[in-house]
Amino acid sequence: MAAKKYYAVKKGKITGVFKSWAECRVAVEGYPGAEYKGFALLEEANAYLGHPATKAGTGAGTEGNSGAETYADLPEEGCLLAYVDGSYDDSLKKYAFGCVFLLPDGRIYTEFGNGDNEKSLQHRNVTGEMLGAMYAVKVAMLNNYKRLEIRYDYQGIEKWVTGEWRSRTELTQKYAYAMRDWGRNINIRFTKVAAHSNVYYNELADKMAKTGLTQGKGIPAVRRLEDMKEESQGGDDQVK
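These numbers come from a predicted model, not from an experiment.

Engineer: Is there a simple way to think about the side chain of T172 in this case?
Structural biologist: Summarising the element assignment, T172 is placed in helix α5 (residues 170-182). A relative accessible area of 2% means that T172 is categorised as buried. Every residue in contact with T172, bar those within four places of it in the chain, is listed here: H123, M130, W160 and S167.

Written out as structure tokens, the structure is:
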């Protein structure tokens, strides 16, 4: 019997093709009704997911891969993976952000915060999206990571930084400048995730942002990951 080299996850906290059982296990353990299978060949794993056999891509659930095979690995050693999202409540006149941090060893930490700056309110949930990305960079640098992958569902998070979108307001200009400046000291990679597509950690970031609206106490101080709330790898706290 051929050894299993690829693990395809059809239903789980993260979906896609994994190159080790350890990574696959993190994606499915504790997820109700998880569907996954091991294969000897990449083509077989792709076929199980209904994907065409193409060259490997990166970033589970990302746009731009046209449904092609994508790896959903945990981050490599020395890299921090952060899912970020924002939220807004007009009745509270507050915006909030949520972050989910995945470490190379499989540990998962979450953080949220909120604000009510009058000028920032005009951008509603987008303010939270930007704050989440900026907070993720600060956390990565404080924790001595040299590389950071930010997974987001609002395109401005990346396009204002790359210059593909013009920053037309003071807030987006400050965001773009700060991210470019920090990018001199840490390698920042952006990955687009389709919104509300059942990508587990993206949904968890959304949940954290919504929690931040009512439970946040301003923007939290940047701190060590170990001082944040650690989430169960088993997914006991399923996103509703």
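Engineer: For this particular structure, what's the right way to read the pattern of salt bridges?
Structural biologist: Proximity of charged atoms lets side chains of opposite charge pair with each other. Scanning all chains against the criterion turns up 14 salt bridges. E226 is the partner of R107 in a salt bridge, and the nearest nitrogen-oxygen pair spans 3.6 Å. One end of the pair, R107, is in the loop between β7 (94-102) and β8 (108-115); the other, E226, is in the loop between α6 (200-215) and β11 (229-231), with 119 residues separating them in the sequence. Among the residues examined, E226 registers a relative accessible area of 41% and is labelled partly exposed. Put simply, K229 and E231 hold a salt bridge, and the shortest N to O gap is 3.7 Å. Assessed through its relative accessible area of 47%, K229 is described here as partly exposed. Judged by its relative accessible area of 10%, E231 falls in the buried class. Put simply, D105, R107 and E226 are held in one network by salt bridges that share partners.

Engineer: It is not clear to me how the sheet that holds β8 should be interpreted in this structure. Could you clarify?
Structural biologist: Sheet strands pair via backbone hydrogen bonds, and the direction of the pair is either parallel or antiparallel. Read from one edge to the other, the open sheet built from six strands follows the order β10-β9-β6-β7-β8-β11, with strand pairing classed as mixed. This sheet does not close on itself; its edge strands, each paired only once, are β10 (187-192) and β11. The sheet shows a mean angle of 30° between the axes of neighbouring strands, direction not considered. With nine bridges connecting them, strand β6 (residues 79-89) and β7 associate as antiparallel partners. Bridging from a neighbouring strand, G86 pairs with F97 of β7.

Engineer: Is there a simple way to think about α6 in this case?
Structural biologist: Owing to its 3.6 residues per turn, the α-helix brings residues three or four apart onto one side. End to end, α6 covers 22 Å across 16 residues, agreeing with the expected 22 Å (1.5 Å per residue, within 8%). With twelve of 16 residues buried, α6 lies mostly within the body of the structure. Buried positions along α6 lie against α1 (21-28), β6, β7, β8 and β11.

Cut-offs applied
- Residues numbered from 1 in each chain as written.
- Predicted model: local features only at pLDDT ≥ 70, side-chain atom pairs only at ≥ 80, totals over all residues.
- Heavy atoms only, no water.
- Helix = DSSP H or I, 4+ residues; strand = E, 2+ residues; numbered from the N terminus.
- Buried < 20%, exposed > 50% of the residue type's maximum accessible area, 1.4 Å probe, protein only.
- Contact = heavy atoms within 4.5 Å.
- Salt bridge = Lys/Arg side-chain N within 4 Å of Asp/Glu carboxyl O.
- Pairing = 2+ DSSP bridges.
- Axes fitted to C-alpha atoms, helices over the stretch in contact; angles between N-to-C directions.
- Expected span 1.5 Å × (residues − 1).

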